[in-house]
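This is what each chain is made of:
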Amino acid sequence: MKKFSLFFFLLLCFSIVQAQVQIQRPAEKTRMLFLLDASGSMYANWGNSIRMDIAKNMLVELVDSLKADKDLELALRVYGHQFNLRYKNCQDSKLEVPFAAGNHDRLIAKLKQIQPSGVTPIAYSLEQAANDFTNDPNYRNVVIIITDGIESCGGDPCAVSLALQEKNIFLKPFVIGLGMDKDYKDEFACVGQYFDARNASDFRLVLNKVLKQSLETTTVSVELLDINNQPNETNVNVTFINNFTKAPIYDFVHFRDAQGRPDSVVLDAVLSYDVVVNTLPPVVKRNVTFEGGKHNVLPIKSPQGTLQLSQRGHTEYAKGVTALIRQNGKQEILNVQSVSTPEKYLVGTYDIEVLTLPKTYFKDVKIEPNTVNQLTIPGPGVLNANIVTKGYGSLYKLHDNGYQEWIYDLDPNETRFTLAMQPGRYKLVFRAERSFGSKYTEVKEFKIESGATVSVRFFAP
């Protein structure tokens, strides 16, 4: 009976742990807001019709085709349609159809009524759109801006878009430009992902692409390539950062199956990413976009080797021994590595500063791929210093060329010192606190050998 109870107790614990694991993937439900330009310029001819008629007709078809999607809610905000251009009303923006299930017919009816009239308050409309979405973590919020012109009210759509994305109001917007000058592409690149529809046929294609990006499942395999461009690197954390807001979105520890194949993860294709392979140093691939509704493969070259520092007797150092790792020629500390703890680094050349006493330096250390690169540090000896009275003193390393290097100041409140030190010739300079002049300074030279103890005694006055 006890064994039976223990089994179910362990099963319950396992189930609790399993329940705490959260699979990182986009929310399954989507809210999609159409932000439609109805400014006066939408009366312009576009092929055999006018821009507004083409935009409305294609949106009507699109909305009608989405009726069967139960995980999607739609809304319509329009700007520039309530006041004539001569009034220059820069608050001419209205949520005509709010989000609701099954509101497709209402949205279609409203689209058919819209007539272009006024100005182009894009920034103001984006600000107002923040109120159109209710806070619900089960939904991802998508904005599709359809326009034929840039901001005409002095607002800053780029700043507004970034601020609202940083607050997680909506994802990176789609901007569809209708028959716009190519120079306007740069105006909208900071607002969201821009698509140029040169004609009605382009517009239809762009709408379909935006739908795929927004609604269809997108998977990605990250291939971490070794020195031979083979996808053999793994077990590294890969971070997907929102390229626009710089916020981390996904963190996956890379995995390869028994056949050596990288696994697939589900990502949101609406966003563009900076993909960071968190090696030492990290490898970053910037502004990466993925094609919606299909499987994507992202190769990133990140060959690694292992650095192993070893030192016999390193435990003589009271606080242990660590090393500062820098990329060759750079001042920034890349990593702090403990002796006897192997670490992986990207293949390359490094400078290593080992925090022994005195410090030990290795320059131009090459990390080779798929190899444990060994560095051996000479074992320390021990200095026992016994001073009759408190005072002031310093330790110096004596180099073969006669150069003297300061390495350590003694604690003026202590009279006994035990220090682990690297092999070499040294000098200890000391003056007692109670002495009356520099002439009473004492100097003693000594030699440290690996594994040996040296005692130095001062008989200060």
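Structure first, text after, so check above.
Residues numbered from 1 in each chain as written. Predicted model: local features only at pLDDT ≥ 70, side-chain atom pairs only at ≥ 80, totals over all residues. Heavy atoms only, no water.

**Structural notes on the packing of aromatic side chains**
In step 1: Within this structure, the stated rule accounts for 15 aromatic pairs.
In step 2: Ring geometry for Phe 174 against Phe 195: centres 6.1 Å apart, planes inclined by 35 degrees, an arrangement best described as tilted. Placement of Phe 174 in strand 7 (residues 174-178) and of Phe 195 in strand 8 (residues 193-197) is noted, with a sequence separation of 21 residues between them. An identical accessibility class is assigned to Phe 174 and Phe 195; each is buried.
In step 3: Taking 6.1 Å as the distance between ring centres and 70 degrees as the angle between the ring planes, the aromatic pair formed by Phe 240 and Phe 252 counts as edge-to-face. One end of the pair, Phe 240, is in strand 10 (residues 237-242); the other, Phe 252, is in strand 11 (residues 248-253), and 12 residues separate them in sequence. Take Phe 240 and Phe 252: they sit in the same class, and that class is buried.
In step 4: By the ring-pair criterion, three or more aromatic residues cluster together here, those being Phe 240, Tyr 250, Phe 252, Tyr 273 and Phe 290.
In step 5: Lying across the ring of Phe 99, Arg 31 places its NZ or CZ 6.0 Å from the centre.
In step 6: Above the plane of the ring of Tyr 139 lies Arg 31, whose end atom (NZ or CZ) is 4.0 Å from the centre. (Phe/Tyr/Trp six-rings, centres within 6.5 Å; stacked < 30°, edge-to-face > 60°. Helix = DSSP H or I, 4+ residues; strand = E, 2+ residues; numbered from the N terminus. Buried < 20%, exposed > 50% of the residue type's maximum accessible area, 1.4 Å probe, protein only. Lys NZ or Arg CZ within 6 Å of the ring centre and 35° of its normal.)

**What about a negative patch on the surface?**
In step 1: Taken together, the side chains of Asp 181, Asp 183, Asp 186 and Glu 187 make up a negatively charged region of the molecular surface.
In step 2: By the element assignment, Asp 181 lies in the loop between strand 7 and helix 6 (184-189). (Patch = residues over 30% accessible without salt bridge, like charges linked within 9 Å, V, L, I, M, F, W, Y side chains within 5 Å. Areas by Shrake-Rupley, 256 points an atom, 1.4 Å probe, with all protein chains shown as cover. Salt bridge = Lys/Arg side-chain N within 4 Å of Asp/Glu carboxyl O. Lys, Arg positive; Asp, Glu negative; His and termini not counted. Charge placed at Lys NZ, Arg CZ, Asp CG, Glu CD.)

**Structural notes on the state of the cysteines**
Here a disulfide denotes a covalent bond joining the sulfur atom of one cysteine to the sulfur atom of another.
In step 1: What the rule picks out here adds up to 2 disulfides.
In step 2: Across the disulfide, Cys 158 is cross-linked to Cys 190 (sulfur-sulfur distance 1.7 Å). Within this pair, whereas Cys 158 is found in helix 5 (residues 157-166), its partner Cys 190 is found in the loop between helix 6 and strand 8, the two being separated by 32 residues in sequence.
In step 3: Look at Cys 190 and you get partly exposed, because its relative accessible area is 28%.
In step 4: Counting only the cysteines that form disulfides, in the order they appear in the chain, gives the pairing 1-2, 3-4. (Disulfide = S-S within 2.5 Å.)

**Remarks on the sheet that holds strand 21 (residues 360-367)**
In step 1: Taken in spatial order, the 4 strands of this open sheet run 18-17-20-21, and their pairing is antiparallel. A strand with exactly one partner marks an edge of an open sheet, and here the two such strands are strand 18 (335-338) and strand 21. Direction aside, neighbouring strands of the sheet carry axes that sit 30 degrees apart on average.
In step 2: Bridging between strand 20 (residues 348-354) and strand 21 involves 6 bridges; their strand directions are antiparallel. The partner of Glu 353 across the bridge, within strand 21, is Tyr 361. (Pairing = 2+ DSSP bridges. Axes fitted to C-alpha atoms, helices over the stretch in contact; angles between N-to-C directions.)

**Details of the pairing of strand 7**
In step 1: The buried fraction of strand 7 is high, at 5 of 5 residues.
In step 2: Side chains Phe 174, Ile 176 and Leu 178 project from strand 7 onto one buried face, and the interleaved Val 175 and Gly 177 project onto a second face that is buried too.
In step 3: Direction of pairing for strand 6 (residues 139-147) relative to strand 7: parallel, over a ladder of 4 bridges. Counted as the bridge partner of Thr 147 is Gly 177 from strand 7.

**What about unusual backbone geometry?**
In step 1: Residue Pro 281 follows Leu 280 across a cis peptide bond; omega there is -10 degrees.
In step 2: Among the secondary structure elements, Pro 281 is positioned in the loop between strand 13 (273-277) and strand 14 (283-288).
In step 3: A cis amide bond links Leu 357 to the next residue, Pro 358, at an omega of -5 degrees.
In step 4: With respect to the helices and strands, Pro 358 occurs in the loop between strand 20 and strand 21.
In step 5: With a phi close to 60 degrees, Asn 235 is a non-glycine residue in the positive phi region.
In step 6: Secondary-structure assignment places Asn 235 in the loop between strand 9 (218-225) and strand 10.
In step 7: On the accessibility criterion, Asn 235 (60% relative accessible area) is exposed.
In step 8: Even without glycine at this site, Asn 370 takes up a positive phi of about 55 degrees.
In step 9: The topology assignment puts Asn 370 in the loop between strand 21 and strand 22 (372-377).

**What to know about the sheet that holds strand 29 (residues 453-458)**
In step 1: Read across the sheet, 3 strands follow the order 26-23-29 without closing on themselves; strand pairing throughout is mixed. Pairing within the sheet leaves two strands with one partner each, and these edge strands are strand 26 (416-421) and strand 29. Ignoring which end each strand starts from, the neighbouring axes of this sheet average 15 degrees apart.
In step 2: Where strand 23 (residues 381-387) meets strand 26, 6 bridges bridge the pair, whose relative direction is antiparallel. When the bridges of strand 26 are listed, Gly 381 appears paired with Met 421.

By themselves, these are just geometric observations and shouldn't be taken as functional.
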